[in-house]
Amino acid sequence: MASAFCRGCLSRLPRASFLPPPPTVPRTTTTATAAAATAGFHTSAVHYANPTKKSNSMDSGPKYRQAKSAKMKRKKPVERTRPPPIGERKALRNRIVLGNPNALEPADMQNLSVENMGDPRVRGTVVGLPVSMLEQLRSVHAFKKSQRWGLFRRPATFMRKEALEMGRLFEKISGEEHGKVVKKVITGKVGSGKSVFLTQAMAMGFLKNWVVLTVPETQELVNAHTGYAPLNDTNPGLYVQNQATSQLLQRTFKANEKVLSGLKVSQQHPALKSLVKPGMTLAQLTGLGIKDQAVAWPVFQALWAELTSTSAPRPPILVTVDGLSHWMQNSEYRTADFKPIHAHDLVFVRHFLSLLKPGANGKSTLPNGGLLLYATSGSNSPRIYSFDVALKQLEATTLGVNPKSPEFPQADAYQNPDLRVIEAFAAPQPASDKEGKLELQPLSGLTREDTVGYMEFWAKSGLIRQVMDFQWVSQLWTKSSGGIIGELLRLGSRLRVPQRT
C-alpha cells in the first residue's frame, strides 16, 4: 500500500522521531554524563533554527555629524601657473633676433657710413649696420621676422646697384640739390628685397640726420583693429584713428629724438593753442600726442606743418610705406549706416597718399627736400584689379609712354575699376622744378657677379662648408629664379655639404 506522505514531507520531519528511544541511564550517572549521552543523538533541521536577530539601524548607522554618502578620494590640487602678462605672448611671437653668437664675423666687413653709401666700390659686398643705429631701426620697425637676421653674427645688408643709386640720391638731396623731392613706388617678386631696401633707406636717413617717418604695416590701419571716429561735424565722410596716429608719433619720437630736440616751434597752431608754448621743441610737441591720444591727430598736423616749414631751417624727410596694396580697397570699418568705409576716407591714409601728388599752388610737397618710398608686398597682398591697372599706367609713364597713346594701358569698364585708386597714381607734372614726378622702380634678382659676393659672405660667416666656384654659384643662381635674394637665403640656409677633399 502506498504511503500518503511524499518524500518532501518526510524530509521535513524531525530526524529524532525515526530513531529508537535512548537507553536508560543508570541512576548512578550524573546529569552531565546524561547530557553528553543525549547530545550526540539530538539534531534539528535548519528550517527550525532560531531566526537571526535584526540589528538596530541606529547602532550601525553613521556617527553624529558624519556624512552618509559614499566617500570619494579627492584628486590632488594641480598647481596652475599664472598666465603671462598682457602683450607678452605677442611680443614673444614677434620677437626678432638680430645676431647669432655662433656665427663668424668677417674680418674685412666694413660698416655702412656716409662715405660709402654711394661708393661704387662697395657694390657686390655686404656692409654691417652700425650698432649705435640698431635701436633707432628697431623703433621704426625696420626689421621683420621673415628676413632671418639671426643667421649671422650681427645685422648686415647687401649693397646692390639700386642701393648705391639710392645712396647717391641721399648725398645730392643733402648737398648740392637741397630741396629736391624724389617719389618712387617699389615693386618686385616675392623675396626680391623690397622691405630690406626700405631698411637700407632708413639707415641712410639716420646717417644723414634726416627725419624718418615710417608705416611698417599698412594692413593694421584698415583691418578694424584700431579705434576710429568721425573727424568732425563738417567732414562726416572722413574718419580719424587716434591710436594709430599716436603710435606713429611714438615711433617718430624714439627714432628722431636727437634731431627733433634741436628744432623749435616756429608757427601758431590754433587747434593746440592751450598746449603749445613758445620755445617748445618739436620733441616736446610730439610728446603731447603720445601722452593724450585724443589730440594725436592735431599734434601730427602741427608736427608736419613744422617739418615742412621754410621759415626756419628744417632737415629733409624720409617717408617709407610697406604693403601699399592694402590701402587700395574698402577697409573693415563701417559707417553709422553699416556701410564700408573706403581706405582713402581715413585721414591717416589720405595724408600719406596725398604726398604722391604734386604740391598745390606751385609749391613742393616737401619744401625742404626728401624721399618718398612706397613699396608693395608680394607675400601679403590682396589682388586688386584697379591697383594693378594703376601700376601698369605708372610703369608706362615712367618709360615715357604718352597717356594719349593707344599703347597706354587702360582699365576695362566691365571690371568695375575703382577710379579713386587709379587717380591716386595718375600724378601730373609738378609745377615745382625741385619736385620729381612719381616713378615706378622694380626690383629684380641679383646678377651672377653680385651672387658671388653675397655667397662669399655666407662662407666667411661659417655657414657654408663647401668649396665655392663660379659653376656652383651659377647653379645656385639658376635655382633661385635668377638671383632672387629671398630664394638665395632659403637655399643657403639649407646647405650643409661637407668640404670636398
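Residues numbered from 1 in each chain as written. Predicted model: local features only at pLDDT ≥ 70, side-chain atom pairs only at ≥ 80, totals over all residues. Heavy atoms only, no water.

Spelled out, the test is: UniProt positions are given in the numbering used here, feature names are shortened, and annotations may be inferred rather than shown by experiment.
An unreviewed UniProt entry lists the protein under the name Small ribosomal subunit protein mS29, with Aspergillus chevalieri as the source organism. What UniProt records for the protein under Sequence similarities (unreviewed entry) is the sentence "Belongs to the mitochondrion-specific ribosomal protein mS29 family."

### Here we look at unusual backbone geometry
Operational definition: The numbering of helices and of strands both runs from the N terminus, where a helix is a DSSP run of H or I of at least 4 residues and a strand a run of E of at least 2.
Despite not being glycine, asparagine 209 shows a phi value in the positive range, around 60 degrees. One can find asparagine 209 in the loop between helix H7 (194-207) and strand S4 (211-215).

### Thoughts on the pattern of salt bridges
Convention followed: A pair is scored as a salt bridge if a Lys or Arg side-chain nitrogen falls within 4 Å of a carboxyl oxygen belonging to Asp or Glu. Any residue under 20% of the maximum accessible area for its type is buried, any over 50% is exposed, and the rest in between are partly exposed; the area is computed with a 1.4 Å probe on protein chains only.
Taken as a whole and judged by the stated rule, the model has 14 salt bridges. The closest approach of N and O atoms between aspartate 450 and arginine 123, which form a salt bridge, is 3.7 Å. Note that aspartate 450 is positioned in helix H15 (residues 448-460) and arginine 123 in the loop between helix H4 (88-93) and strand S1 (126-128), a separation of 327 residues in sequence. The exposure class of arginine 123 is partly exposed, given its relative accessible area of 38%. Here glutamate 217 and lysine 144 are joined by a salt bridge, their closest N and O atoms 3.6 Å apart. Separated by 73 residues along the polypeptide, glutamate 217 in the loop between S4 and strand S5 (229-230) and lysine 144 in the loop between helix H5 (134-139) and strand S2 (156-158) bring together distant segments of the chain. For lysine 144, a relative accessible area of 22% translates into the label partly exposed.

### Digging into the sheet that holds strand S3 (residues 181-188)
What counts here: At least two bridges found by DSSP between two strands are what make those strands a pair. Helix axes use the C-alpha atoms of the stretch in contact, all axes being lines fitted to C-alpha atoms, and the angles between their N-to-C directions lie in the range 0 to 180 degrees.
On the basis of which strands lie adjacent, the open sheet formed by five strands has the order S4-S7-S10-S3-S11 and parallel pairing. The strands lining the two open edges of the sheet, one partner per strand, are S4 and strand S11 (439-443). Going across the sheet, the axis of each strand differs from the next one's by a mean of 20 degrees, ignoring polarity. Where strand S7 (residues 317-322) meets strand S10 (residues 370-375), six bridges bridge the pair, whose relative direction is parallel. Looking at the pairing, valine 319 lines up with leucine 372 of S10.

### Things to note about the side chain of histidine 344
Put simply, the rule is: Polar contact is the term for a pair of N or O atoms within 3.5 Å; when the atoms are in protein, one must be able to donate a hydrogen and the other to accept it, and sequence-neighboring residues count only if both atoms are side-chain atoms. Contacts are assigned to residue pairs that have any heavy atoms within 4.5 Å of one another.
With respect to the helices and strands, the residue histidine 344 is situated in the loop between strand S9 (340-342) and helix H12 (347-354). For histidine 344, the side chain forms a polar contact with the main-chain oxygen of tryptophan 327, separated by 3.1 Å. Contacts of histidine 344, omitting those with residues within four sequence positions, involve Trp327, Met328, Arg350, Leu353, Arg420, Val421 and Ala424.

### A closer look at the nonpolar core
What counts, and what does not: For the purposes of this section, nonpolar cores are sets of buried Ala, Val, Leu, Ile, Met, Phe, Trp, Tyr and Cys residues that join through side-chain atoms within 4.5 Å.
Counting residues in hydrophobic clusters, the biggest one holds 63 residues, and the most contacted among them are Val319, Leu324, Trp327, Met328, Phe352, Tyr374 and Phe425. Broken down by element, the residue count for this core peaks at eight residues, all from helix H11 (residues 296-307). Beyond its immediate sequence surroundings of up to four residues, phenylalanine 425 is in contact with Val185, Leu324, Met328, Leu356, Phe387, Ala390, Leu394 and Leu438. Of all hydrophobic cores here, the second largest spans 38 residues; its members include Met159, Ala201, Met204 and Leu371.

### Here's the deal with the packing of helix H6 (residues 161-174) against H7
Test applied: Any angle from 65 to 115 degrees is called roughly perpendicular, while one under 35 is roughly parallel, one over 145 is roughly antiparallel, and all others are oblique. By the definition used in this description, the sense in which the near helix is turned from the far one sets the handedness, with an anticlockwise turn below a right angle giving left-handed and a clockwise turn giving right-handed.
Orientation of H6 relative to H7, taken along the N-to-C sense of each, is 30 degrees, at an axis distance of 10 Å. For the element pair H6 / H7, the angle class is roughly parallel. In this structure, H6 meets H7 at a crossing whose hand is right-handed. Counting all contacts with H6, which are made through Glu162, Ala163, Met166, Gly167 and Phe170, the residues of H7 involved are Phe197, Gln200, Ala201, Met204 and Gly205.

### A closer look at a positive patch on the surface
The criterion, for reference: Any residue with relative accessible area above 30% and no salt bridge may belong to a patch, with like charges joined within 9 Å and the nonpolar Val, Leu, Ile, Met, Phe, Trp and Tyr side chains within 5 Å. A 1.4 Å probe and the Shrake-Rupley method give the accessible areas. Residues count as covered only by the protein chains that appear here. Only four residue types enter the charge count: Lys and Arg as positive, Asp and Glu as negative, with His and the chain ends excluded. Charge placement uses NZ in Lys and CZ in Arg. For Asp and Glu, CG and CD serve respectively.
Taken together, the side chains of Lys90, Arg93, Arg95 and Lys145 make up a positively charged region of the molecular surface. In this fold, lysine 145 is placed in the loop between H5 and S2. The class for lysine 145 is exposed, based on a relative accessible area of 54%.

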